[in-house]
Amino acid sequence: MNKTDFSSLPLSPALVDNLASLGYSRMTPIQAQSLPVILNRQDLIAQAKTGSGKTAAFGLGLLDKINPRWFAVQALVLCPTRELADQVAKEIRRLARCIDNIKVVTLCGGTPMGPQIGSLEHGAHVVVGTPGRLHDHLSRNTLDLSTVETLVLDEADRMVDMGFYEEIVGIVAACPRKRQTLLFSATYPDNIRKQSARFLKNPVEVKVESLH
Ligand code: ADP
Ligand code: MG
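For every chain, the first residue of its written sequence is number 1, and the numbers climb from 1 along that sequence. Chain letters and ligand numbers both follow the written order, the letters beginning at A and the numbers at 1. The predicted origin of the model limits local features to residues at a pLDDT of at least 70 and limits the giving and counting of side-chain atom pairs to 80 or more, whereas totals for whole chains, interfaces and linings rest on all residues.

**Student:** Explain the site of ligand 1 here, please?
**Tutor:** Around ligand 1 sit 13 residues, and of these Tyr-24, Thr-50, Gly-53, Lys-54 and Thr-55 come closest. The element that contributes the greatest number of residues to the shell around ligand 1 is helix H3 (residues 54–65), accounting for three residues. Residues of the shell around ligand 1, tallied by class, amount to four nonpolar, seven polar and two charged. For each residue, a C-beta position is placed from the backbone atoms; the residue is near a molecule or strand when that point lies within 6 Å of it. Runs of H or I in DSSP of at least four residues are treated as helices and runs of E of at least two as strands, each being numbered from the N terminus. Three classes are used, and their members are as follows: Ala, Val, Leu, Ile, Met, Phe, Trp, Tyr, Cys and Pro are nonpolar, Asp, Glu, Lys and Arg are charged, and the others, Gly among them, are polar.

**Student:** I keep staring at the UniProt feature "short sequence motif: Q motif" (unreviewed entry) in the protein and nothing clicks. Help me out?
**Tutor:** UniProt positions are given in the numbering used here, feature names are shortened, and annotations may be inferred rather than shown by experiment. Those places that UniProt annotates as "short sequence motif: Q motif" (unreviewed entry) correspond, in this numbering, to residues 4–32. Split by type, residues 4–32 is 45% helix and 0% strand. Its first and last C-alpha atoms lie 6 Å apart.

**Student:** How do you make sense of the environment of Arg-177 when you look at a structure like this?
**Tutor:** Counting through the fold element by element, Arg-177 comes out in the loop between helix H8 (165–173) and strand S6 (180–185). In this structure Arg-177 comes out as exposed when scored by C-beta crowding, with 7 C-beta atoms within 10 Å. When the C-alpha positions of Arg-177 and Thr-130 are compared, they lie 21 Å apart, and in sequence the two are 47 residues distant. Each residue is classed by its C-beta neighbour count within 10 Å, where at least 20 other C-beta atoms makes it buried, 12 or fewer makes it exposed, and intermediate counts make it partly exposed; the C-beta atoms are placed from backbone geometry.

**Student:** Explanation requested: the packing of helix H2 (residues 29–39) against H3 in the structure shown.
**Tutor:** Axes here mean lines fitted to C-alpha atoms, for a helix over just the part in contact, with angles spanning 0 to 180 degrees between N-to-C directions. With their axes 9 Å apart at the nearest point, H2 and H3 run at an angle of 20° to one another. Classified by the interaxial angle, the pair formed by H2 and H3 is roughly parallel. Pair H2 / H3 crosses with right-handed handedness. When H2 is examined against H3, the residues Ile-30, Gln-31, Ser-34, Leu-35, Ile-38 and Leu-39 are found in contact with a partner set consisting of Lys-54, Ala-56, Ala-57, Phe-58, Leu-60, Gly-61 and Asp-64. Its residues assigned to classes, the contact of H2 with H3 comprises eight nonpolar, three polar and two charged. Put simply, angles under 35 degrees are roughly parallel, angles over 145 are roughly antiparallel, angles from 65 to 115 are roughly perpendicular, and the rest are oblique. By definition, any crossing whose near helix is turned counterclockwise from its far helix by less than a right angle is left-handed, and any crossing with a clockwise turn is right-handed. Any pair of residues counts as being in contact when their C-beta atoms, constructed from backbone geometry, are within 7 Å of one another.

**Student:** Is there a simple way to explain the environment of Cys-98 in this structure?
**Tutor:** Looking at the element boundaries, Cys-98 is found in the loop between helix H4 (82–95) and strand S3 (104–107). Considered as a pair, Cys-98 and Gly-61 are 37 residues apart in the sequence and their alpha carbons are 15 Å apart. Those residues in contact with Cys-98 that sit more than four places away from it in its chain are Ala-14, Leu-15, Asp-17 and Asn-18.

**Student:** How should I be thinking about the packing of helix H6 (residues 131–139) against H8 in this particular structure?
**Tutor:** The description of two packed helices rests on the angle between their axes and on the distance between the axes. Closest axis-to-axis distance for the H6/H8 pair is 9 Å, and the angle between their directions is 45°. Relative to H8, the element H6 lies oblique. Here the hand of the crossing between H6 and H8 comes out left-handed. In this structure, H6 contributes Pro-131, Gly-132, Leu-134, His-135 and Leu-138 to the contact, and H8 contributes Glu-167, Ile-168, Gly-170 and Ile-171. Across the contact of H6 with H8, the residue classes tally to five nonpolar, three polar and one charged.

**Student:** I'm lost on the sheet that holds strand S5 (residues 150–153) in this one. Help?
**Tutor:** Within a beta sheet, neighbouring strands are joined by backbone hydrogen bonds and run either parallel or antiparallel to one another. Here, a strand pair is defined by DSSP locating no fewer than two bridges between the strands. Reading across from one edge, S3-S4-S2-S5-S6-S1-S7 is the order of the seven strands in this open sheet, with parallel pairing throughout. Looking at which strands have only one partner, the edges of the open sheet turn out to be S3 and strand S7 (204–207). Geometrically, the sheet is characterised by an average inter-axis angle of 15° between neighbouring strands, direction not taken into account. With four bridges joining them, strand S1 (residues 44–47) and S7 adopt parallel strand pairing. Bridged to Gln-47 within S7 is Lys-207.

**Student:** Can you help me understand H6 in this one?
**Tutor:** Working note: α-helix, 3.6 residues per turn, so residues spaced by three or four point in the same direction. Listing the buried residues of H6 in full gives Pro-131, Arg-133, Leu-134, His-135 and His-137. After H6 finishes, the residue Asn-141 shows a positive phi value of roughly 60°.

**Student:** How do you make sense of unusual backbone geometry when you look at a structure like this?
**Tutor:** Note: most peptide bonds trans; most residues except glycine with negative phi. In this model, Asn-141 sits at a positive phi of 60°, which is unusual for a non-glycine residue. Relative to the assigned elements, Asn-141 resides in the loop between H6 and S5. Overall, the presence of 7 C-beta atoms within 10 Å leaves Asn-141 in the exposed class. Look at Glu-155: it is not a glycine, yet its phi comes out positive at around 50°. Structurally, Glu-155 can be placed in the loop between S5 and helix H7 (156–161).

See below:
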C-alpha cells in the first residue's frame, strides 16, 4: 500500500470507495500532509496553491465525523464568495454521495433569506456560506451553530483581505469552544497569522510549495 493511497487513511471504506468512483486514485500532496492531522482531530493551518485539492482534504475530514441521524449543523465552512461556496458545497456533496440522507446547505448573499431559513428548518448537517450572510442569520437567530464540531475557514487570506474579519469573529464566537478548526489559505502572511491565532488551538502547520 502506497502512503498516498486514500486507503492508507483511517477513513470509512464507503468514503474511500466513492473516491475511486470520482477518479481520485491518489492523494494530492496537500491531502497527504493534512489528512492524517485532520482525521486525528487536531487543529490545522494548511497552505497550498489554488487547484491543489484543499476542498477534499477538509471535506473528507468533516464528513468522516458527521452523524447523518443527528439533525444538527455539525460542520461549518466559511468561504469568501458565493461562487466559491457553491463550488465547495458541490464538492462536499460529491464526496458524500455514499452517505445516505446527508444535507449540505449553502448560505450566501444575493439569495432571499426565506428559502434559506426553510432549508435550515428541514435540518442541515453541513453549512457552507459567506461571512456576511452567516452573520445575518446569526443576528436574526435563524442559525444555530452550537452543535458545530468542525469549523473550516477556507481561503482565509481572501476573507480577511475582503474585510470579513469582524464577521468571522462573531461567527466563531457562536460555535462551541470545543471543536476542530481547520484553516486553509493560498498564502499565509503575518496579518492573517496574527488575526487567526485566536481561532485555533495548538494548530499543526502544513505547507506545500508547488502543485505537484
Ligand atoms: P483548491 O481548493 O486547493 O484550489 P480544489 O479542492 O478546488 O483545489 O481541487 C482542484 C481540483 O482537483 C478539483 O477539480 C478536484 O475535483 C480535483 N481533485 C482533488 N483531489 C483530487 C485527487 N486526489 N485526485 C484527483 N483529482 C483531485
Ligand atoms: Mg479551494
